[in-house]
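# Structural overview
Listed below are the residues making up each chain.
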Amino acid sequence: MKLISGRTIEQGMHLEDKTSSGYKDVCSCCIMNRKDMFRLGLSDQGNVKLKNKFGEVVLKACIGEIDVGLIFLPLGPWANAVTGHEKENDGMPLFKGICVDVEKTDEKIKNVEELIL
Amino acid sequence: MERKNIICPFCGCLCDDVYVDVEEDKIVQIFNGCILCKAKLSSGERVKEALVRVDGELVPSSYEDAVESAAKILVESSMPVLYGWSNTSCETISQGIRLTEKIRGVIDNTSSVCHGPSLLGIHETGLPTCTLGEVKNRSDLIIYWGCNPVHAHPRHMSRYTLMPRGYFRRNGLMERELIVVDVRSTDTSKLADQFIKIEPGCDYELFSALRAALRGHTVPDVAGIKSKTITELSLKLKNAKFGALFFGVGLTMSGAKHRNVENAIALTRDLNQFTRFVIMPMRGHYNVDGVNQVLTWQTGYPYGVDFSRGFPRYNPGEYCANDLLASGSADSALIIASDPAAHFPRESLEALKKIPVISIDPFKSLTSLISDVIFPSAITGIEASGTAYRMDCVPITLRKVVDSGYKTDKEIISDILNKVVELQHGSKV
Ligand code: SF4
């Protein structure tokens, strides 16, 4: 599936407050299409693991208005865990259209310190 | 209690109609600001004192000792990266460039992870643009492409584009049409007269198709959009009296990146053969444009400038912060007015954790968790004055309305510069 990370107003409201639980709630919750959730056996608000060559991350998956095959995640440390940097490019890391494998998981969502430190 | 006017120091809209009630040097109420402005002015954990890492632990330090530690780190590095700058004043940025030159480092700002590709596109084609005031007074067609201003620039539509009454648009919203192009439905697309849902990474193709349709060619279905829709859209653009295309990082971060922007500008240029059309990037941080301006005046280049040979060199993809971190070339970092630990990819973060990091920020950022020297600073625009550039390149003076007692970003950078010169030559600048 393809991951798109982006700004949201809720994420923006926590920009100066990134160690708060509110920031974690907002930035670790991805949006997926109902059909993808069904295909992967996920329940709304259930945990999901995204994996690719850059790393892996556990998120909460929520049903939202998005096309099949796409996942939207607010930008932040959770999105960064699966974003990367291509050599010989224009300096811009890959933040949108990142290929990820998605699976249902029982693992818990890491907090910001666990991701950073 | 006193009511004071401020310029909101959050996003590139730099709204100048925000008022705050100040009581005993504290903001007690905010008027006109959007939810992002209110969150910035009323939340956030402040860093209270300078901190220096000793034996793995951050311990309180005197300001002078922290300046000395920071200067030593920079002087002893062979490739220091000075990154951020987008949430501080032009005056601070100017000092930062002098500091970078002295230590033969690299200065980069958040453009390299947002609108850097826009600047590369602009290098190629120029930018047919105008001020937001002109858009407000004249535009009858607004396009938001790859951006979601309802979330990222909440007052953009109400102050500058869709809703305000303008000199030639007395009825405001009633005389304007809104088109949104995006890969997903957003709160902005829900307000649009026409929402065009495009396949991810296919913006370049759609711009090309629109340019061909403008010239009267028949185009096939492109980017998931039907041929008929593309032809009708090209006519709509042509028939507008004054069109304004605003684009976000949806263009700069996906598909052809800077070529997307180049093609968007080419479309705008083509449209000017038929009508008046302008284009503008939706700049995020309130002074991200200011960094590009000041860097260009002083070095000739807008971001990612390398001074390692004693003169400025520019090559995005080689001298941007992420490039230097990913390649392992950066051996120290000074981070000011931004939070790369929260916004850089994992491999850059891992590289940042291996090198000494100096951070200057009013709030406890995620970068401060991995820093070796931390300076608390005054919030520019509230506790310090200075100049910032709005997204349409209009300079605006930010006001100081609260006395916090914290050093300003400019004072901290100047003190580090003085200390660097002292360490290098045994005298002050
Ligand atoms: S739109 Fe931007 S500048 Fe205006 S009040 Fe909101 S955050 Fe501040």
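Residues numbered from 1 in each chain as written. Chains lettered and ligands numbered in written order. Predicted model: local features only at pLDDT ≥ 70, side-chain atom pairs only at ≥ 80, totals over all residues. Heavy atoms only, no water.

Attention now goes to the interface of chain A and chain B. In this complex, chain A contributes 39 residues to the contact, which on the side of chain B involves 51 residues. The contact between chain A and chain B buries some 4000 Å² in all, and 61% of this surface belongs to carbon and sulfur atoms. In this assembly, chain A and chain B are joined by 3 salt bridges. Where K197(B) meets D67(A), a salt bridge forms, and the shortest distance between an N and an O atom there is 2.6 Å. Sorting the residues of the side of chain A that touches chain B by element identifies α1 (9–13), β5 (70–74), α4 (77–80) and α5 (112–116) of chain A as the ones contributing at least two each. If you tally residues by element for the side of chain A that touches chain B, the top one is α1(A), at 5 residues. When grouped by side-chain class, the residues that make up the side of chain A that touches chain B number 18 nonpolar, 11 polar and 10 charged. (Contact = heavy atoms within 4.5 Å. Buried area = accessible area lost by both parts, 1.4 Å probe. Salt bridge = Lys/Arg side-chain N within 4 Å of Asp/Glu carboxyl O. Helix = DSSP H or I, 4+ residues; strand = E, 2+ residues; numbered from the N terminus. Nonpolar A, V, L, I, M, F, W, Y, C, P; charged D, E, K, R; others polar.)

The subject of this paragraph is the domain arrangement of chain B. Residue and element names in this part refer to chain B. Partitioning chain B into domains gives domain 1 (44–113 + 286–425) and domain 2 (116–281). Each of domain 1 and domain 2 has a C-alpha centre, and the two are 34 Å apart. With 11 residues of domain 1 at the interface, the matching set in domain 2 holds 15 residues. The largest share of the area that domain 1 buries against domain 2 comes from R390, M391 and D392, three residues that together contribute 51% of it. The tally of links from domain 1 across to domain 2 stands at 0 salt bridges. Linking domain 1 with domain 2 are 4 residue pairs in polar contact (both at pLDDT 80 or more). Here the residues of the side of domain 1 that touches domain 2 sort into 7 nonpolar, 2 polar and 2 charged. (Domains from an automatic or database assignment. Polar contact = N/O pair within 3.5 Å; in protein donor to acceptor, adjacent residues only side chain to side chain.)

All names here are of chain B. With 13 residues, helix α9 (residues 227–239) extends 19 Å between its outermost C-alpha atoms, agreeing within 8% with the 18 Å of an ideal straight helix rising 1.5 Å per residue. Listed in full, the buried residues belonging to α9 are S227, I230, L233, S234 and L237. One side of α9 holds all its buried residues, which, seen down the axis, span an arc of 125°. Turned more than 90 degrees away from the buried face of α9, the exposed residues are K228 and N239. (Expected span 1.5 Å × (residues − 1). Buried < 20%, exposed > 50% of the residue type's maximum accessible area, 1.4 Å probe, protein only. Arc of directions from axis to C-beta.)

Looking now at the pattern of salt bridges. Residues and elements named next belong to chain B. One pass over the full model with this rule turns up 31 salt bridges over all chains. Residue K4 is joined to E2 by a salt bridge in which the shortest nitrogen-to-oxygen separation is 3.9 Å. Overall, the relative accessible area of 23% leaves K4 in the partly exposed class. Judged by its relative accessible area of 48%, E2 falls in the partly exposed class. For R46, the salt bridge identified is with E383, shortest N-O distance 2.9 Å. You can see R46 sitting in the loop between α1 (35–42) and β4 (51–54) and its partner E383 sitting in the loop between β17 (373–375) and β18 (386–389), a full 337 residues away along the chain. For the residue pair R46 and E383, the accessibility class agrees, reading buried in each case.

This part takes up the environment of I35(B). Tracing the sequence through the fold places I35(B) in helix α1. With 120 residues separating them in the primary sequence, I35(B) and R155(B) have C-alpha atoms 9.8 Å apart. Not counting residues up to four positions away in its chain, the partners in contact with I35(B) are I9(A) and M13(A).

Residue and element names in this part refer to chain B. Summed over all chains, the structure comprises 9 aromatic pairs over all chains. Both rings, one in Y63 and one in F375, keep their centres 5.9 Å apart while their planes meet at 75°; by these two values the pair is edge-to-face. With Y63 in helix α2 (residues 63–75) and F375 in strand β17, this pair connects stretches of sequence that are 312 residues apart. The two residues Y63 and F375 agree in class, both being buried. Aromatic pair W145 and F207: ring centres 4.0 Å apart, planes at 25°, arrangement stacked. (Phe/Tyr/Trp six-rings, centres within 6.5 Å; stacked < 30°, edge-to-face > 60°.)

Residue and element names in this part refer to chain B. Judged by how many residues are buried, strand β12 (residues 276–281) sits mostly within the fold: 5 of 6 residues are covered. Bridge count between strand β11 (residues 242–247) and β12: 6 bridges; the pairing is parallel. When the bridges of β12 are listed, L245 appears paired with I279. (Pairing = 2+ DSSP bridges.)

All names here are of chain B. What the 9 strands build is an open sheet, ordered β5-β4-β17-β16-β15-β6-β7-β13-β14; its pairing is mixed. Each end of this open sheet is capped by a strand with a single partner; those strands are β5 (57–60) and β14 (313–314). Relative to β17, β4 runs antiparallel, the two being bridged by 2 bridges. Bridging from a neighbouring strand, V52 pairs with V373 of β17. Set on the sheet, α2 makes contact with β4, β6 (80–84), β15 (332–336), β16 (357–360) and β17; between it and β17 the angle comes to about 130°. (Axes fitted to C-alpha atoms, helices over the stretch in contact; angles between N-to-C directions.)

All names here are of chain B. Interhelical geometry of α2 versus helix α17 (residues 409–425) gives an angle of 60° and a closest axis separation of 8 Å. In terms of their interaxial angle, α2 and α17 are classed as oblique. For the pair α2 and α17, the crossing hand works out as right-handed. Of the residues in α17, those touching α2 at Y63, V67, E68, A70, A71, K72, L74 and V75 are E411, I412, D415, I416, K419, V420, L423 and Q424. Each residue belonging to the contact of α2 with α17 can be placed in one class, and the counts come to 10 nonpolar, 1 polar and 5 charged. (Parallel < 35°, antiparallel > 145°, perpendicular 65-115°, else oblique. Left-handed = near helix turned anticlockwise from the far one by under 90°.)

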